[in-house]
Amino acid sequence: METSSLMEQILCKENLNTAYLQVIRNKGAAGVDEMEYTELGEYLLKNGEMIKKELRTRKYKPQPVKRVEIAKPDGGTRNLGVPTVTDRFIQQAIAQILTPIYEEQFHDHSYGFRPNRGAHQAVQKALEMMNDGHNWIVDIDLEKFFDTVNHDKLMTIIGRTIKDGDVISIIRKFLVSGIMIDDEYKDSIIGTPQGGNISPLLSNIMLNELDKEMEHRGLDFVRYADDCAPRKRSQVA
């Protein structure tokens, strides 16, 4: 697929309308600007053309994400980043165009955050592998993966496929937009915050490199986001 003029696809009326409806369906908390999702429609009516112009000229500046902590089922907390509703709208529009491109590249044994895939299918594939004689199983959980993604490595990987400089620019800006913890600003020099509409796609782009490496090493595996279970038959392990 030609990827040198993706920004115009992102900014087309149909794609933006779809992105808007998805953000409204998702609801979600307000970001640092305290704008509620219910206010997005009126805001875009007044500022939509300006936002599109800024995206085309690389002048759009995402706002910092609001840091919130949620309890994990097994104890501890997980950091989530809440972008402003306007930034969620733009991220959603980007993700809708980039997802079909990367779906052609992603490994068939990857199940997290992908269209028409989910945890049940991942479990089913794992059971099939076990029934096929895989006796050695290694459960891998990449600790704090979302918080430790290297921006330069991620952008290098993205640049292999995406050739539209405007799209590359705005993705980088979202990565480095900063974090607001209470009233204190913190630079986001690493990581892609969980909570952003584009973060699941970016995580799969990064982890697809792991998928390719495991396949190269002759390992069967099932991956769901940052949880992975490589398998080998006992006689060759």
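One can find the structure itself at the top, above this paragraph.
Residues numbered from 1 in each chain as written. Predicted model: local features only at pLDDT ≥ 70, side-chain atom pairs only at ≥ 80, totals over all residues. Heavy atoms only, no water.

### Description of the pattern of salt bridges
This model, assessed by the stated rule, comprises 12 salt bridges. Taking the shortest distance from any N to any O, the salt bridge between Asp 166 and Arg 58 comes out at 2.7 Å. Separated by 108 residues along the polypeptide, Asp 166 in helix α7 (residues 165-175) and Arg 58 in the loop between α3 (40-56) and β1 (65-71) bring together distant segments of the chain. Look at Asp 166 and you get buried, because its relative accessible area is 19%. One network of salt bridges, in which partners are shared, links Arg 160, Glu 209 and Lys 212. (Salt bridge = Lys/Arg side-chain N within 4 Å of Asp/Glu carboxyl O. Helix = DSSP H or I, 4+ residues; strand = E, 2+ residues; numbered from the N terminus. Buried < 20%, exposed > 50% of the residue type's maximum accessible area, 1.4 Å probe, protein only.)

### A few points about a negative patch on the surface
Among the surface-exposed residues, Asp 74, Asp 139, Asp 141, Glu 143 and Asp 227 lie close enough to one another that they form a single negatively charged patch. Positionally, Asp 139 belongs in the loop between β3 (134-137) and β4 (140-141). We classify Asp 139 as exposed; its relative accessible area is 64%. (Patch = residues over 30% accessible without salt bridge, like charges linked within 9 Å, V, L, I, M, F, W, Y side chains within 5 Å. Areas by Shrake-Rupley, 256 points an atom, 1.4 Å probe, with all protein chains shown as cover. Lys, Arg positive; Asp, Glu negative; His and termini not counted. Charge placed at Lys NZ, Arg CZ, Asp CG, Glu CD.)

### Overview of the pairing of β1
In this sheet, strand β5 (residues 179-181) lies alongside β1 in parallel orientation, the contact comprising 2 bridges. Residue Lys 66 lies in a different strand from β5, and its bridge partner there is Met 180. Bridging between β1 and strand β2 (residues 77-82) involves 6 bridges; their strand directions are antiparallel. For Glu 69, the partnering residue across the bridge sits in β2 and is Asn 79. Taking the residues between adjacent antiparallel strands as the criterion, β1 and β2 are bridged by 5 residues, where Gly 75 takes a positive phi near 100 degrees. (Pairing = 2+ DSSP bridges.)

### Describing the side chain of Gln 96
Along the chain, Gln 96 turns up in helix α4 (residues 85-103). A distance of 2.7 Å separates polar atoms of two side chains, one belonging to Gln 96 and the other to Asn 15. Among residues more than four places away in sequence, those in contact with Gln 96 are Asn 15, Thr 18 and Ala 19. (Polar contact = N/O pair within 3.5 Å; in protein donor to acceptor, adjacent residues only side chain to side chain. Contact = heavy atoms within 4.5 Å.)

### Describing the packing of aromatic side chains
One pair of aromatic rings is described through two measures. These are the centre distance and the angle between the planes. Per the stated rule, a full pass over the model turns up 3 aromatic pairs. Seen in terms of ring centroids, Phe 113 and Tyr 224 are 6.3 Å apart; in terms of plane orientation they differ by 45 degrees. Their pairing is tilted. Of this pair, Phe 113 sits in the loop between α4 and α5 (119-131) while Tyr 224 sits in strand β7 (residues 220-224), and the two are 111 residues apart along the sequence. Looking at Phe 113, the relative accessible area reads 42%, which means it is partly exposed. Its relative accessible area of 31% is what places Tyr 224 among the partly exposed residues. A ring pair is formed by Phe 145 and Phe 146, whose centres lie 5.5 Å apart and whose planes are at 75 degrees; its orientation type is edge-to-face. A cation over an aromatic ring shows up here: Arg 117 above the ring of Tyr 111, its NZ or CZ 5.0 Å from the ring centre. (Phe/Tyr/Trp six-rings, centres within 6.5 Å; stacked < 30°, edge-to-face > 60°. Lys NZ or Arg CZ within 6 Å of the ring centre and 35° of its normal.)

### Some thoughts on a nonpolar patch on the surface
Together, Val 123, Leu 127, Met 130 and Ile 137 make up an exposed nonpolar region whose accessible area comes to about 340 Å². Among the elements that line the nonpolar patch, the one with the most residues is α5, at 3 residues. Inspection of the secondary structure puts Val 123 in helix α5.

Without other data, these values stay purely geometric and don't point to any function.
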